[in-house]
Amino acid sequence: GAFAFGLGILVVQRVRARATSIAEESARNEAAVVAAIVGNEMTVKGRSLREVASDLSGIQGGLEITLVAPSGEEILSLRADGEARGAVQSSAPILAHGTTVGSVIVQKKTLVIERLLADMTPAILVLSLVLGAAAALSAALRGMVPRVRAPRRTADNRRTRCPAPSPWWNCHPGARCGRPGR
């Protein structure tokens, strides 16, 4: 029972860790892409970071990005309303003309996975407890029911068998536990 319960908790923790890992990787990839787009826009068209930031300010769609100047000043901050609980973030440098002209910070929420886990956790733990109880019951029943053995042959080719009321632990392969014959 305790093993199954621990296994259920382990499954929940691994799902939570995997969700966080996926969100971090996604944030890293999005930060690299946005940094490359902004850097390319600055290099090819000769625009400043503020001009590119003003173009990006009209973006809608749930992308949470912040453009930061080398001095540390936030030039653009596209963030959803609400608290940052259950979120990961990643940053990438913006390169234009071979120099770093700022950085991009992308924030990804893991709150959806947290909510899903909050809904699934009780079911996973109850299932693991039921499986543990079934395993314990099976082990208890197995110890109470005598084992039925097939007839064996002795060295002189006579058959022997365990009498029905004999418990299985008294009848092991090397023992002569029954009457010879028949």
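Look up a bit, the structure's there.
Since this is a predicted model, take the numbers as computed values, not measurements.

So, how was this worked out
Residues numbered from 1 in each chain as written. Predicted model: local features only at pLDDT ≥ 70, side-chain atom pairs only at ≥ 80, totals over all residues. Heavy atoms only, no water. Pairing = 2+ DSSP bridges. Helix = DSSP H or I, 4+ residues; strand = E, 2+ residues; numbered from the N terminus. Axes fitted to C-alpha atoms, helices over the stretch in contact; angles between N-to-C directions. Contact = heavy atoms within 4.5 Å. Core = buried A, V, L, I, M, F, W, Y, C linked by side-chain atoms within 4.5 Å. Buried < 20%, exposed > 50% of the residue type's maximum accessible area, 1.4 Å probe, protein only. Arc of directions from axis to C-beta.

Q: Let's hear about the sheet that holds strand β3 (residues 87-96): which residues, and what values?
A: Strand order across the open sheet formed by four strands is β2-β1-β4-β3, with antiparallel pairing between neighbours. Edge strands, defined here as strands with exactly one partner in the open sheet, are β2 (74-78) and β3. Recorded for the sheet is a direction-independent mean angle of 15° between the axes of neighbouring strands. In this sheet, strand β4 (residues 99-109) lies alongside strand β1 (residues 64-68) in antiparallel orientation, the contact comprising five bridges. Bridging from a neighbouring strand, Thr66 pairs with Ile105 of β4. With respect to the sheet, helix α2 (residues 49-56) is in contact with β1, β2, β3 and β4, its orientation differing from that of β2 by roughly 15°.

Q: An account of the nonpolar core is requested, with residue identities and associated values reported.
A: Where a protein is soluble and globular, its nonpolar side chains tend to be buried together. Formed by 21 residues in total, the largest nonpolar core has its most connected members in Val38, Met42, Leu49, Leu56, Leu67, Ile94 and Val104. Only α1 (2-45), α2, β1, β2, β3 and β4 provide two or more residues apiece to this core. For this core, the element with the most residues is α1, which contributes five residues.

Q: Any chance you could break down α2 for me, citing the residues and the numbers?
A: Helical periodicity: at 3.6 residues per turn, an α-helix aligns residues three or four positions apart in one direction. Taken residue by residue, α2 has Leu49, Val52, Ala53 and Leu56 as its buried positions. Down the axis of α2, the buried side of the element spans an arc of 105°, and every buried residue falls inside it.

Q: A description of unusual backbone geometry should follow, citing residues and the corresponding values.
A: Its identity is not glycine, yet His97 carries a phi of approximately 55°, on the positive side. As for its position among the elements, His97 is in the loop between β3 and β4. Residue classification places His97 among the exposed residues on the basis of a relative accessible area of 63%.

Q: I'd like to hear about the pairing of β1, residue by residue, with values.
A: In terms of residue burial, β1 counts as a mostly covered element, since five of its five residues are buried. Burial along β1 is two-sided: Glu64, Thr66 and Val68 facing one way and Ile65 and Leu67 facing the other are all buried. Sheet topology note: the β1/β2 ladder contains four bridges and is antiparallel. Bridge pairing in β2 links Val68 to Glu74. What sits between the antiparallel neighbours β1 and β2 is a turn of five residues, in which Gly72 has the positive phi angle 100°.

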